[in-house]
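# Fold and geometry: a report
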Amino acid sequence: MAASISGIGVGLGLSCSSNLSKALHSPQSSGFRVKMTVSVEDKKKNYTLQKSEEAFNAAKNLMPGGVNSPVRAFKSVGGQPIVIDSVKGSHMWDIDGNQYIDYVGSWGPAIIGHADDEVLAALTETMKKGTSFGAPCLLENVLAEMVISAVPSIEMVRFVNSGTEACMGVLRLARAFSGREKIIKFEGCYHGHADPFLVKAGSGVATLGLPDSPGVPKAATFETLTAPYNDISAVESLFDSNKGELAAVILEPVVGNSGFIPPKPDFLEAIRRLTKENGALLIFDEVMTGFRLSYGGAQEYFGITPDLTTLGKIIGGGLPVGAYGGRREIMEMVAPAGPMYQAGTLSGNPLAMTAGIHTLKRLKEPGSYEYLDKITGELVQGILDAGKKTGHAICGGHISGMFGFFFTEGPVHNFNDAKKSDTAKFARFYRGMLEEGVYLAPSQFEAGFTSLAHSSEDIQKTIAAAEKVLSKI
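What you are looking at is a predicted structure, and each value in this text was computed from that prediction instead of being measured.

Turning next to the overall build of the protein chain. Looking only at helices and strands, one finds 17 helices and 16 strands in the protein chain. Evaluated residue by residue, the protein chain yields a buried proportion of 57% over its 473 residues. A fraction of 72% describes how many contacts in the protein chain between residues 6 or more apart in sequence connect residues 24 or more apart. Carbon together with sulfur atoms contributes 54% to the accessible area of the protein chain, which is approximately 19,700 Å² in total.

Turning our eyes to something else, we now look at unusual backbone geometry. Cis rather than trans, the peptide bond between Ala335 and Pro336 has omega equal to 10°. For Pro336, the location among the structural elements is in the loop between helix H12 (328–331) and helix H13 (350–363). A cis amide bond links Gly410 to the next residue, Pro411, at an omega of 0°. Mapped onto the secondary structure, Pro411 falls in the loop between strand S14 (402–406) and helix H15 (415–418). Backbone geometry at Phe74 places phi at a positive 65°, although glycine is not the residue there. Position of Phe74 relative to the elements: it lies in the loop between helix H3 (50–59) and strand S3 (84–88).

So, on to the nonpolar core. Ranked by internal contacts, the top residues of the largest apolar core, which has 36 residues, are Phe405, Phe429 and Tyr439. Listing elements by their share of this core, those giving two or more residues are strand S5 (99–102), helix H14 (368–389), S14, helix H16 (423–435), strand S15 (438–439) and helix H17 (456–470). In contact with Phe405, other than residues within four places in its own chain, are Ile383, Leu384, Ile394, Cys395, Gly396, Phe426, Phe429, Leu440 and Gln444.

Tracing the backbone shows Val255 in the loop between strand S9 (246–251) and helix H10 (267–277). With a relative accessible area of 2%, Val255 lands in the buried category. Note: C-alpha distance between Val255 and Glu446 (191 residues apart in sequence) is 9.1 Å. Val255 has contacts with Gly188, Cys189, Tyr229, Phe260, Ile261 and Met402, leaving out every residue within four places of it along the chain.

All right, on to the packing of aromatic side chains then. For the coordinates displayed, the defined rule picks out 14 aromatic pairs. On the numbers, 5.1 Å between centres and 85° between planes, the contact of Phe291 with Tyr295 is edge-to-face. Note on Phe291: relative accessible area 0%, which makes it buried. Judged by its relative accessible area of 14%, Tyr295 is buried. Plain terms: the ring middles of Phe405 and Phe429 are 5.8 Å apart, the flat faces sit at 90° to each other, and that makes the pair edge-to-face. One end of the pair, Phe405, is in strand S14; the other, Phe429, is in helix H16, with 24 residues separating them in the sequence.

In this section: the pattern of salt bridges. Tallying each qualifying case throughout the model produces 16 salt bridges. Between Glu236 and Arg273 there is a salt bridge, with the nearest N and O atoms lying 3.8 Å from each other. Of this pair, Glu236 sits in helix H9 (residues 232–241) while Arg273 sits in helix H10; the two residues are 37 residues apart in sequence, bridging distant segments of the chain. Three or more residues joined by partner-sharing salt bridges are found here, namely Arg272, Asp307, Arg327 and Glu329.

In this section: the packing of helix H4 (residues 117–127) against H13. Direction vectors running N to C along H4 and H13 enclose 150°, while the axes themselves pass 9 Å from each other. It follows from the interaxial angle that H4 and H13 lie roughly antiparallel. The handedness of the crossing between H4 and H13 is right-handed. Of the residues in H13, those in contact with Glu118, Val119, Ala122, Leu123, Thr126 and Met127 of H4 are Pro350, Leu351, Thr354, Ala355, His358, Thr359 and Arg362. Among the residues forming the contact of H4 with H13, the class breakdown is seven nonpolar, four polar and two charged.

The next thing to look at is the pairing of strand S7 (residues 182–186). Taking burial as the measure, the five residues of S7 include five buried ones, the bulk of the element. Burial along S7 is two-sided: Lys182, Ile184 and Phe186 facing one way and Ile183 and Lys185 facing the other are all buried.

Look at helix H5 (residues 138–150): 19 Å from first C-alpha to last across 13 residues, which is about the 18 Å you get at 1.5 Å a residue. Of all the positions in H5, only Glu140, Leu143, Ala144, Met146, Val147 and Ala150 are classed as buried. Viewed along the axis of H5, the buried residues span an arc of 160°, placing them on a single side of the element. Facing away from the buried side of H5 by more than 90 degrees, the exposed set consists of Leu138, Glu145 and Ser149. Buried residues along H5 sit against strand S6 (156–160), strand S11 (308–312) and H13.

With that out of the way, let us pick up the sheet that holds S6. Consider a sheet: its strands pair through backbone hydrogen bonds, and that pairing is either parallel or antiparallel. Read across the open sheet, the seven strands follow the order S6-S12-S11-S10-S9-S7-S8; overall the sheet is mixed. Of all the strands in the sheet, just S6 and strand S8 (224–227) have a single pairing partner and so form its edges. Sheet twist, expressed as the mean angle between neighbouring strand axes with direction ignored, is 20°. Both S11 and strand S12 (residues 322–326) contribute to a ladder of five bridges, which runs antiparallel. From the neighbouring strand, Gly312 faces S12, where its bridge partner is Gly322. Sheet contacts for H5: S6 and S11; angle to S6, the most-contacted strand, approximately 125°.

What follows covers the side chain of Thr354. Locating Thr354 in the fold gives a position in helix H13. The exposure class of Thr354 is buried, given its relative accessible area of 3%. Sequence-distant contacts of Thr354, defined by excluding residues within four places in its chain, comprise Ala122, Leu123, Thr126 and Leu139.

Cut-offs applied
Residues numbered from 1 in each chain as written. Predicted model: local features only at pLDDT ≥ 70, side-chain atom pairs only at ≥ 80, totals over all residues. Heavy atoms only, no water. Helix = DSSP H or I, 4+ residues; strand = E, 2+ residues; numbered from the N terminus. Buried < 20%, exposed > 50% of the residue type's maximum accessible area, 1.4 Å probe, protein only. Contact = heavy atoms within 4.5 Å. Areas by Shrake-Rupley, 256 points an atom, 1.4 Å probe, with all protein chains shown as cover. Core = buried A, V, L, I, M, F, W, Y, C linked by side-chain atoms within 4.5 Å. Phe/Tyr/Trp six-rings, centres within 6.5 Å; stacked < 30°, edge-to-face > 60°. Salt bridge = Lys/Arg side-chain N within 4 Å of Asp/Glu carboxyl O. Axes fitted to C-alpha atoms, helices over the stretch in contact; angles between N-to-C directions. Parallel < 35°, antiparallel > 145°, perpendicular 65-115°, else oblique. Left-handed = near helix turned anticlockwise from the far one by under 90°. Nonpolar A, V, L, I, M, F, W, Y, C, P; charged D, E, K, R; others polar. Expected span 1.5 Å × (residues − 1). Arc of directions from axis to C-beta. Pairing = 2+ DSSP bridges.

Rendered as structure tokens:
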């Protein structure tokens, strides 16, 4: 039986059971957003994931594991993945009609809130002109100027379609410019799923308990060296044993793919010094931290300027996007200005550019980052206090609108420290928070995100839910 899923996609055909068809076509699940008017007690009593279960079971016959990105399958937290119907502001609604306060934000892009009215209006006007040109458009210039003026390291920028693509491009560029092949990355840092980066890559790889990845040839990772994050002596040793061979050091300036892990004082400064002394490039992967820690990203926040930077997520305002940029002399190696080839059919498409432009305009308004820091600090401190009050080992922190916590005494300075967290306890906490209407990242090894749309009421409800759940597990 073929079914068209209302509220998910016009004309989308799906072979599914009659029960799934009925579930997806019920009045409760149709339309752009489900509005809940029941009391907290009723919501708790009626919490069900029946329609999500039916949809996910159908998806498993259509897509590997039933998903298009592994962490969504809830493997590390157990239970039933939820299938989302709509989002708005700081909230999400699933196809069963459950409402959640969202702290994933589409994994970071929704920093001004989901489905922002001004962004949607701008996208509507842009769509009237077309969705993709495969040719230059003026909107590319506008967003490029905004990025260049904001990010200290960027004098020229190349737009692509994902963070993975940005990291692939920047790695090739670093090797082309330096004439060297070896790179240093850090254990637990994730730079997309390109072969050279799938070495001690954290995030979804750690979540699923997989080896780095079958299908990656040894030759692709032979020149990738690794060190523990926050361990400058290990980096010094790698430079000493590979003199004149290192093209670049790439890192997340604040780790988000082993959970939230900030750099130790002077760590980034020491990396900057070592790269300069050894003629290697410093690459900040700011796909996650760019425009989130501050308007100029982590490099502005910490006062450390790398040679090259990758961006994504926020600069597309929720649409697929990525970018890499840096000093003009390096970027002019990129084709057609130079010999290093990289291309993309949908790169710089008008929809992503429009959403990015209007998102950055909002972030530039006075008080944006002060507000993010305030509410995120209240959230994290409230969860930590609730954990300690209920007798759990817990630690965590935040910078601006990025946060995380671990079920361990801590401190957590690297991926090995993060792995000491009680992941079974996190799984129980996670499922309990879902039932209380709070959506966190479904992995202990992922950072969380707040947005300008989150209210003080959202934060207090979340803290109350956390204390309630923590008292039971």
